[in-house]
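Take a look at the letters that make up each chain.
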Amino acid sequence: RRRFLQQTALTSAWFMTPGLLAAELALTPRQTEGPFYPDKLPLDTDNDLLIIITDSITLGVGEITHLTGRVLDPSGEPMRNTLVEIWQCDNNGAYLHSGTTNAERRDANFQGYGRFLTDTEGRYYFRTIKPVPYPGRSPHIHFALSQDGQRMLTTQVYVSGHEGNERDGIFRSMETPERKAAVSADFTPIEDSEIGELAAHWEIVMGQTPEEQAPAGGRPPMPRPR
């Protein structure tokens, strides 16, 4: 299984040209964690969200997506050994959380949560599904990044150009086109895939934007959870 993940890492999307100038980098804005970070982690917490530890080999339902990217510091240097966590709802809009409103419809074959430790080039990789909308939210995937056990960044990534983005209060809180672009990724068909797989690549640049600098004695304001 591990060999399969390595072979399907889609090198064209996995690698990016090194040496980006710091001036070209848009810092990734912080976004709310939301109420559905798993309150009980699954037994399987690896980076393949489509196969879980059961007697079944049935894949989770949805558009299979190979999600890749790098974690960079503000100067554009890769950040190795960064723990990248993702969580998202399944194809029915249900989260891996006891408080999800439609738990009876949850896809038992979708892991719902995964983690990956970045390599020496700051790279991460997940096999998951393309996110879907649910009432009040446009499609998104939650991200949390930590180093040495300390949470460094919590954010979300959205589907570029999705019609529901501008109706989503969290997305709209990114008030400029540049900030909205910094939390968006293209989900594009893989040309040679016989099963309709998609590829998405999202660079994460750690560091606070000017709007996120904490006021004296307080934390930076965060969008309200939805």
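I will try to describe carefully the structure that is included in this document. Note that the coordinates shown come from a computational prediction; the quantities given were computed from them, not determined experimentally.

The subject of this paragraph is the pattern of salt bridges. On inspection of all chains with the given rule, the structure shows six salt bridges. Between Arg-137 and Asp-168 there is a salt bridge; the shortest N-O distance is 2.6 Å. One end of the pair, Arg-137, is in the loop between β4 (123-129) and β5 (140-147); the other, Asp-168, is in the loop between β6 (150-159) and α3 (169-172), and 31 residues separate them in sequence. Side by side, Arg-137 and Asp-168 carry an identical accessibility label, which is buried. Measuring nitrogen to oxygen at the nearest pair gives 3.1 Å for the salt bridge that ties Glu-166 to Lys-180. Remark: Lys-180 occurs in helix α4 (residues 177-181) and Glu-166 occurs in the loop between β6 and α3; sequence separation between them is 14 residues. When its relative accessible area of 44% is taken as the criterion, Glu-166 is described as partly exposed. Given the relative accessible area of 17%, Lys-180 is considered buried.

Okay, the environment of Phe-143 next. With respect to the helices and strands, Phe-143 occurs in strand β5. The exposure class of Phe-143 is buried, given its relative accessible area of 0%. Here the alpha-carbon distance between Phe-143 and Gln-88, two residues 55 residues apart in the chain, equals 9.1 Å.

Our focus in this paragraph is the nonpolar core. One finds Tyr-124, Phe-126, Phe-143 and Leu-145 to be the most contacted residues of the largest nonpolar core, which totals 26 residues. Not counting residues within four places of it along the chain, the set of residues in contact with Phe-126 comprises Asn-47, Leu-49, Thr-65, His-66, Leu-67, Val-84, Ile-86, Gly-114, Arg-115 and Phe-116.

Quick look at the packing of aromatic side chains now. Under the definition given, this model contains nine aromatic pairs. Relative to Tyr-134, the ring of Tyr-95 has its centre 5.7 Å away and its plane inclined at 85°; by these criteria the two rings are edge-to-face. With Tyr-95 in the loop between β2 (83-87) and β3 (113-117) and Tyr-134 in the loop between β4 and β5, the pair connects residues that are 39 residues apart, well separated along the chain. With respect to class, Tyr-95 is no different from Tyr-134; both count as buried. For the pair Tyr-158 and Phe-171, a centre-to-centre distance of 5.0 Å together with 70° between the ring planes defines the contact as edge-to-face. One end of the pair, Tyr-158, is in strand β6; the other, Phe-171, is in helix α3, with 13 residues separating them in the sequence. A relative accessible area of 0% places Tyr-158 in the buried class. Counting every residue linked through ring pairs, the aromatic cluster contains Phe-116, Tyr-124, Phe-126, Phe-143 and Trp-202.

Glancing now at unusual backbone geometry. Not every positive phi belongs to a glycine, and Asn-81 is a case in point at roughly 55°. Following the sequence through the fold, Asn-81 ends up in the loop between β1 (64-72) and β2. Judged by its relative accessible area of 44%, Asn-81 is partly exposed.

Another aspect to go through is the environment of Glu-197. Within the element layout of this structure, Glu-197 appears in the loop between β8 (187-189) and β9 (198-201). Taking C-alpha positions, Glu-197 is 9.1 Å from Ile-129, a pair spaced 68 residues apart along the chain. A polar contact of 2.9 Å, which involves the side chain of Glu-197, links it to the side chain of Ser-193.

Moving on, we get to the pairing of β9. Moving residue by residue along a regular strand, the side chains alternate between the two faces of the sheet. Both β1 and β9 contribute to a ladder of four bridges, which runs parallel. The residue bridging Thr-68 from the neighbouring strand is His-201, located in β9. Sheet analysis places β8 next to β9, joined by three bridges and oriented antiparallel. Bridge pairing in β9 links Pro-189 to Leu-198.

What counts and how
Residues numbered from 1 in each chain as written. Predicted model: local features only at pLDDT ≥ 70, side-chain atom pairs only at ≥ 80, totals over all residues. Heavy atoms only, no water. Salt bridge = Lys/Arg side-chain N within 4 Å of Asp/Glu carboxyl O. Helix = DSSP H or I, 4+ residues; strand = E, 2+ residues; numbered from the N terminus. Buried < 20%, exposed > 50% of the residue type's maximum accessible area, 1.4 Å probe, protein only. Core = buried A, V, L, I, M, F, W, Y, C linked by side-chain atoms within 4.5 Å. Contact = heavy atoms within 4.5 Å. Phe/Tyr/Trp six-rings, centres within 6.5 Å; stacked < 30°, edge-to-face > 60°. Polar contact = N/O pair within 3.5 Å; in protein donor to acceptor, adjacent residues only side chain to side chain. Pairing = 2+ DSSP bridges.

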